[in-house]
Amino acid sequence: MQHDSYPDGYLRDILTSVRTVAVVGASPRPQRPSHGVMRFLQRHGYRAIPVNPFAAGGDILEERVYGRLAEIEEPVDMVDIFRRSAAAGAAVDEAIAIGAKAIWMQLGVRDDAAAARAAAAGLKVVMDRCPAIEIPRLGLAPR
(Lines give C-alpha, C1' and ligand atoms only; values in the text may rest on other atoms or scores of the structure.)
Protein backbone atom coordinates (compact mmCIF):
# COMPACT_ATOMS: atom_id res chain seq x y z
CA MET A 1 0.00 0.00 0.00
CA GLN A 2 1.21 3.49 -0.75
CA HIS A 3 0.97 5.84 2.21
CA ASP A 4 0.43 9.23 0.61
CA SER A 5 -3.35 8.95 0.86
CA TYR A 6 -5.82 6.48 2.31
CA PRO A 7 -9.31 5.52 1.19
CA ASP A 8 -11.95 6.59 3.70
CA GLY A 9 -13.08 2.97 4.01
CA TYR A 10 -9.59 1.90 5.09
CA LEU A 11 -9.45 4.56 7.82
CA ARG A 12 -13.04 3.88 8.88
CA ASP A 13 -12.33 0.14 9.15
CA ILE A 14 -9.39 0.75 11.47
CA LEU A 15 -11.15 3.33 13.64
CA THR A 16 -14.32 1.27 14.04
CA SER A 17 -12.58 -2.04 14.71
CA VAL A 18 -10.15 -0.97 17.44
CA ARG A 19 -11.09 -0.45 21.08
CA THR A 20 -7.79 -0.19 22.97
CA VAL A 21 -5.23 2.35 21.78
CA ALA A 22 -1.74 2.73 23.24
CA VAL A 23 -0.62 6.35 22.87
CA VAL A 24 3.18 6.26 22.57
CA GLY A 25 4.61 9.62 23.57
CA ALA A 26 1.56 10.63 25.61
CA SER A 27 2.31 13.75 27.64
CA PRO A 28 1.07 14.61 31.12
CA ARG A 29 1.03 18.28 30.04
CA PRO A 30 -2.49 19.31 28.93
CA GLN A 31 -1.18 21.77 26.33
CA ARG A 32 0.62 19.04 24.36
CA PRO A 33 -1.10 17.58 21.26
CA SER A 34 -0.67 14.00 22.51
CA HIS A 35 -2.61 14.84 25.68
CA GLY A 36 -5.45 16.38 23.67
CA VAL A 37 -5.68 13.45 21.26
CA MET A 38 -5.65 10.95 24.13
CA ARG A 39 -8.50 12.88 25.79
CA PHE A 40 -10.38 12.98 22.46
CA LEU A 41 -10.03 9.21 22.07
CA GLN A 42 -11.30 8.63 25.61
CA ARG A 43 -14.31 10.88 25.02
CA HIS A 44 -15.10 8.90 21.89
CA GLY A 45 -15.20 5.60 23.76
CA TYR A 46 -11.72 4.25 23.15
CA ARG A 47 -9.56 2.90 25.95
CA ALA A 48 -6.43 5.06 25.60
CA ILE A 49 -3.35 3.80 27.44
CA PRO A 50 -0.43 6.25 27.78
CA VAL A 51 3.13 5.08 27.06
CA ASN A 52 5.96 7.39 28.09
CA PRO A 53 9.16 6.19 29.82
CA PHE A 54 9.64 9.62 31.44
CA ALA A 55 6.20 9.52 33.07
CA ALA A 56 5.98 5.76 33.75
CA GLY A 57 4.23 4.82 36.97
CA GLY A 58 2.23 8.04 37.05
CA ASP A 59 -1.18 8.80 35.59
CA ILE A 60 -2.32 10.69 32.52
CA LEU A 61 -6.05 11.34 32.23
CA GLU A 62 -6.70 8.79 34.98
CA GLU A 63 -4.83 6.01 33.16
CA ARG A 64 -1.63 4.43 34.44
CA VAL A 65 1.40 5.36 32.32
CA TYR A 66 3.62 2.55 31.04
CA GLY A 67 7.26 2.90 30.09
CA ARG A 68 7.05 0.49 27.14
CA LEU A 69 4.36 -1.22 25.12
CA ALA A 70 5.51 -4.62 26.40
CA GLU A 71 4.55 -3.59 29.97
CA ILE A 72 0.86 -3.20 29.12
CA GLU A 73 -0.99 -6.11 30.64
CA GLU A 74 -3.90 -6.28 28.21
CA PRO A 75 -4.25 -6.61 24.44
CA VAL A 76 -3.66 -3.43 22.44
CA ASP A 77 -5.53 -3.03 19.16
CA MET A 78 -3.81 0.08 17.82
CA VAL A 79 -0.62 1.97 18.62
CA ASP A 80 -0.84 5.73 18.06
CA ILE A 81 2.69 7.12 17.73
CA PHE A 82 3.53 10.65 18.90
CA ARG A 83 7.28 10.41 18.36
CA ARG A 84 9.52 12.02 15.80
CA SER A 85 9.91 10.00 12.61
CA ALA A 86 13.43 8.84 13.52
CA ALA A 87 12.07 7.19 16.69
CA ALA A 88 8.88 5.76 15.19
CA GLY A 89 10.50 2.55 13.98
CA ALA A 90 11.27 1.34 17.50
CA ALA A 91 7.64 1.90 18.52
CA VAL A 92 6.47 0.03 15.42
CA ASP A 93 8.73 -2.92 16.24
CA GLU A 94 7.32 -3.02 19.79
CA ALA A 95 3.78 -2.87 18.39
CA ILE A 96 4.51 -5.83 16.15
CA ALA A 97 5.97 -7.74 19.10
CA ILE A 98 2.88 -7.22 21.29
CA GLY A 99 0.47 -8.26 18.53
CA ALA A 100 -1.20 -4.92 17.82
CA LYS A 101 -3.55 -4.88 14.83
CA ALA A 102 -2.79 -1.36 13.59
CA ILE A 103 -0.15 1.36 13.67
CA TRP A 104 -1.16 5.01 13.45
CA MET A 105 1.63 7.56 13.07
CA GLN A 106 0.57 11.11 13.90
CA LEU A 107 0.78 14.20 11.71
CA GLY A 108 4.36 14.73 10.54
CA VAL A 109 5.43 11.20 11.51
CA ARG A 110 6.49 8.92 8.68
CA ASP A 111 8.78 5.89 8.54
CA ASP A 112 8.33 3.91 5.34
CA ALA A 113 10.69 1.10 6.39
CA ALA A 114 8.82 0.63 9.67
CA ALA A 115 5.50 0.74 7.81
CA ALA A 116 6.73 -2.03 5.50
CA ARG A 117 7.77 -4.16 8.50
CA ALA A 118 4.37 -3.66 10.11
CA ALA A 119 2.49 -4.46 6.90
CA ALA A 120 4.60 -7.59 6.40
CA ALA A 121 3.60 -8.65 9.92
CA GLY A 122 -0.09 -8.18 9.03
CA LEU A 123 -0.74 -4.84 10.70
CA LYS A 124 -2.69 -2.02 9.09
CA VAL A 125 -0.65 1.17 8.85
CA VAL A 126 -1.52 4.85 8.70
CA MET A 127 1.11 7.60 8.60
CA ASP A 128 0.96 11.39 8.85
CA ARG A 129 -2.68 11.46 10.00
CA CYS A 130 -4.49 12.23 13.26
CA PRO A 131 -7.42 10.14 14.52
CA ALA A 132 -8.85 13.24 16.24
CA ILE A 133 -9.16 14.80 12.78
CA GLU A 134 -10.22 11.68 10.89
CA ILE A 135 -12.94 10.52 13.32
CA PRO A 136 -15.10 13.65 12.92
CA ARG A 137 -14.23 13.99 9.22
CA LEU A 138 -15.54 10.46 8.67
CA GLY A 139 -18.64 11.20 10.75
CA LEU A 140 -17.90 8.47 13.30
CA ALA A 141 -20.07 8.83 16.38
CA PRO A 142 -18.71 8.35 19.89
CA ARG A 143 -19.04 4.77 21.09
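Up top is the structure these notes are about.
Residues numbered from 1 in each chain as written. Predicted model: local features only at pLDDT ≥ 70, side-chain atom pairs only at ≥ 80, totals over all residues. Heavy atoms only, no water.

1. Let's talk about the sheet that holds strand 5 (residues 78-81)
Here is step 1 of the chain: Overall, parallel pairing links the five strands, which are arranged 2-1-5-6-7 in an open sheet. Of all the strands in the sheet, the pair left with one neighbour each is strand 2 (47-51) and strand 7 (124-126). Put simply, the sheet's adjacent strands are angled 20° from each other on average, direction ignored. (Pairing = 2+ DSSP bridges. Helix = DSSP H or I, 4+ residues; strand = E, 2+ residues; numbered from the N terminus. Axes fitted to C-alpha atoms, helices over the stretch in contact; angles between N-to-C directions.)

2. Concerning the pattern of salt bridges
Here is step 1 of the chain: Applying the stated rule across the entire model yields nine salt bridges.
Here is step 2 of the chain: The shortest N-O distance in the salt bridge between Asp4 and Arg110 comes to 3.4 Å. Of this pair, Asp4 sits in the segment before helix 1 (8-17) while Arg110 sits in the loop between strand 6 (102-105) and helix 4 (112-120); the two residues are 106 residues apart in sequence, bridging distant segments of the chain.
Here is step 3 of the chain: For Asp4, a relative accessible area of 57% translates into the label exposed. (Salt bridge = Lys/Arg side-chain N within 4 Å of Asp/Glu carboxyl O. Buried < 20%, exposed > 50% of the residue type's maximum accessible area, 1.4 Å probe, protein only.)

3. Points about helix 4
Here is step 1 of the chain: For helix 4, the complete set of buried residues consists of Ala114, Ala115 and Ala118. The buried residues of helix 4 occupy an angular sector of 100° when projected down its axis, which confines them to one face.
Here is step 2 of the chain: Of the surrounding elements, those touching the buried residues of helix 4 are helix 3 (85-98), strand 6 and strand 7.
Here is step 3 of the chain: Measuring from the backbone nitrogen of Ala113 back to the side-chain oxygen at the start of helix 4 gives 3.2 Å, which picks out Asp111 as the cap.
Here is step 4 of the chain: In the segment just after helix 4, Gly122 is the residue with positive phi, at about 95°. (Arc of directions from axis to C-beta. Contact = heavy atoms within 4.5 Å. Polar contact = N/O pair within 3.5 Å; in protein donor to acceptor, adjacent residues only side chain to side chain.)

4. Some remarks on the nonpolar core
Here is step 1 of the chain: Ranked by size, the top nonpolar core spans 52 residues in total, and within it Val79 and Ile103 carry the most contacts.
Here is step 2 of the chain: Setting aside chain neighbours within four positions, we find Ile103 in contact with Val79, Ile81, Val92, Ala95, Ala118, Leu123, Lys124, Val125 and Val126. (Core = buried A, V, L, I, M, F, W, Y, C linked by side-chain atoms within 4.5 Å.)

5. Brief notes about the packing of aromatic side chains
Here is step 1 of the chain: Inspection of every chain in the model, using the stated rule, returns one aromatic pair.
Here is step 2 of the chain: Geometrically, the ring pair formed by Tyr6 and Tyr10 is stacked, given 5.8 Å between the ring centres and 10° between the ring planes.
Here is step 3 of the chain: Since its relative accessible area comes to 8%, Tyr6 is described here as buried.
Here is step 4 of the chain: Looking at Tyr10, the relative accessible area reads 17%, which means it is buried. (Phe/Tyr/Trp six-rings, centres within 6.5 Å; stacked < 30°, edge-to-face > 60°.)

6. Overview of the pairing of strand 5
Here is step 1 of the chain: Residues of strand 5 alternate between two faces, with Met78 and Asp80 on one and Val79 and Ile81 on the opposite face, all of them buried.
Here is step 2 of the chain: With four bridges joining them, strand 1 (residues 20-24) and strand 5 adopt parallel strand pairing. Bridge pairing in strand 5 places Val24 opposite Ile81.
Here is step 3 of the chain: Relative to strand 6, strand 5 is paired through four bridges, and the arrangement is parallel. Paired with Met78 across the strands is Ala102, a residue of strand 6.
Here is step 4 of the chain: A crossover connection joins strand 5 to the parallel strand 6 through helix 3; in handedness this β-α-β unit is right-handed. (Right-handed = clockwise from strand over helix to strand, strands pointing away.)

7. Considerations on the environment of Ala86
Here is step 1 of the chain: The residue Ala86 is located in helix 3 in this model.
Here is step 2 of the chain: Spatially, the C-alpha atom of Ala86 lies 34 Å from that of Ala141, the residues being 55 residues apart in sequence.

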